[in-house]
Amino acid sequence: MLRTEILRGLSTLMAAVESSDVLSVTDRVYRDLTRQSGEVHMPELLTAYQKFLLAYSNFGPTEKQLMEHLEISDYASADWWSIVIAAAGGASKTPDAAATIGRAAFRLRFVMDYLPSVAGMLRRDSATGPSTLMVVLPEEAGKFSSPARIITALESISMLYEATAEMNVQSSTDLVVTGCDSGKDKLFEFQGTPDLIAKLKELLLDLWDNAIYYREKKFAERQDLIAKNLPVLVQIAGLEEKKQMQPERAELLRRKFVAGASKFFETGASIPDMDKFASYQTRELLTPKETLLLAARAS
């Protein structure tokens, strides 16, 4: 799982626990069983149970995996809840019932006490802003990125950032990789000058528009058309025509933009903003060159 997926999953899970009040209710059932100061009314218990299961029905794979890894999956088990309900109704006040309920309640208490701090730490480490660019390398089940794919993706961002900086007469030496993450996909975080990052994102969205427009073309032809029909190339031609850019510099910039865009497309890379502005999925249209996504060998 990516850090971003873990953070979303933790947030959804903790919100479900808090809104349903299942921790407080089941904790009081346990304390009543162990002759501590706990009392719960059946309507209150059933309401908490129903609210949590309703929230659980909307959980995705990430939230469910987190529950398994954190050992709190009992809260999604009908068998476990039958024990809780029987105990609250006075039908099963046994040491075994207390241990079964208490174990899950203790685990959930630990999660709710300490996970917010862990989530806060992860958020600080993966903070994004106007100076940050996130690049995703999607991977299929059973297939992983070759070293060449990762190298090419990093090179493409470096080339496009450098070309953007040169076109705007700014330094390109401040681009850095601030984070790497992996889970279902590979993710890289870059940081640079805010206005250059904004222009680079706009350029990549233009590439995405071209990918949609030329979606019916074969891979090699699409790659060429996408790279050579970017709006930034029209801007360069306009500057050259107005004598505001020397022909030699214009040609070098064109080559950098075309090479960088071609490399980016070849890797099947994307940025999160692409999926926000189109009815198409990046996984469908931005697929990598076949040789860059390989199946892992069985050990």
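Here, the structure is the one placed above.
Structural notes, computed from the coordinates. Note that the coordinates shown come from a computational prediction; the quantities given were computed from them, not determined experimentally. (Residues numbered from 1 in each chain as written. Predicted model: local features only at pLDDT ≥ 70, side-chain atom pairs only at ≥ 80, totals over all residues. Heavy atoms only, no water.)

**Side note on the sheet that holds strand β3 (residues 176-182)**
Think of a sheet as strands paired side by side through backbone hydrogen bonds, with each pair either parallel or antiparallel. Here is the rule we go by: The pairing criterion for strands is at least two bridges between them, as found by DSSP. Think of it this way: any DSSP run of H or I at least four residues long counts as a helix, any run of E at least two long counts as a strand, and we number them from the N terminus. All axes here are fitted lines through C-alpha atoms, helices being fitted over the stretch that makes contact, and every angle between N-to-C directions spans 0 to 180 degrees.
Across the sheet, which stays open at both edges, the three strands sit in the order β1-β4-β3 with antiparallel pairing between neighbours. Bordering the open sheet on either side are β1 (132-137) and β3, each of which pairs with just one other strand. Between one strand and the next, the sheet's axes are offset by a mean angle of 20°, whatever the strand orientation. In this sheet, strand β4 (residues 186-191) lies alongside β1 in antiparallel orientation, the contact comprising six bridges. From the neighbouring strand, Leu133 faces β4, where its bridge partner is Phe190.

**As for the pattern of salt bridges**
Stated formally: By definition here, a salt bridge exists when the distance from a side-chain nitrogen of Lys or Arg to a carboxyl oxygen of Asp or Glu is within 4 Å. Using a 1.4 Å probe on the protein chains alone, a residue whose accessible area is under 20% of its type maximum counts as buried, one over 50% counts as exposed, and one in between counts as partly exposed.
All told, the structure shown has 13 salt bridges when counted by the stated rule. Note that Glu166 and Lys256 form a salt bridge whose closest N and O atoms lie 2.4 Å from each other. Here Lys256 lies in helix α11 (residues 247-267) and Glu166 lies in helix α7 (residues 147-167), a separation of 90 residues in the sequence. Here Glu166 falls in the partly exposed class, since its relative accessible area comes to 28%. By relative accessible area, which is 21% here, Lys256 ends up partly exposed. One salt bridge in this structure joins Glu216 and Arg215, with 3.8 Å as the shortest N-O distance. Accessibility expressed as a relative area gives 69% for Glu216, which makes it exposed.

**Some thoughts on the nonpolar core**
Heads up, the condition is: Residues belong to one nonpolar core when they are buried, are Ala, Val, Leu, Ile, Met, Phe, Trp, Tyr or Cys, and are joined through side-chain atoms within 4.5 Å. Contact between two residues is taken to exist if any of their heavy atoms lie within 4.5 Å; hydrogens are not considered.
Formed by 42 residues in total, the largest nonpolar core has its most connected members in Leu133, Ile157, Leu204 and Phe257. Mapped by element, the contributors of at least two residues to this core are β1, α7, β4, α8 (194-213), α9 (219-228), α10 (231-241) and α11. Considering every element that reaches this core, the biggest residue donor is α8, with nine residues. Leave out the neighbours within four places in its chain, and Leu204 touches Leu133, Ile157, Leu160, Phe264, Ile271 and Met274. Counting 37 residues, the second-largest nonpolar core is a separate cluster that includes Leu7, Met14, Phe59 and Ala87.

**Looking at the side chain of Glu266**
In plain terms, the rule: Charged-residue counts in this description rest on Lys and Arg as positive and Asp and Glu as negative, His and the chain ends being excluded.
With respect to the element layout, Glu266 can be found in helix α11. One buried charge, Glu266, has no salt-bridge partner; the nearest side chain with opposite charge is Lys289, at 4.4 Å. For Glu266, the contacting residues outside a window of four places in its chain are Thr152, Phe219, Gln223, Thr287, Pro288, Lys289 and Leu292.

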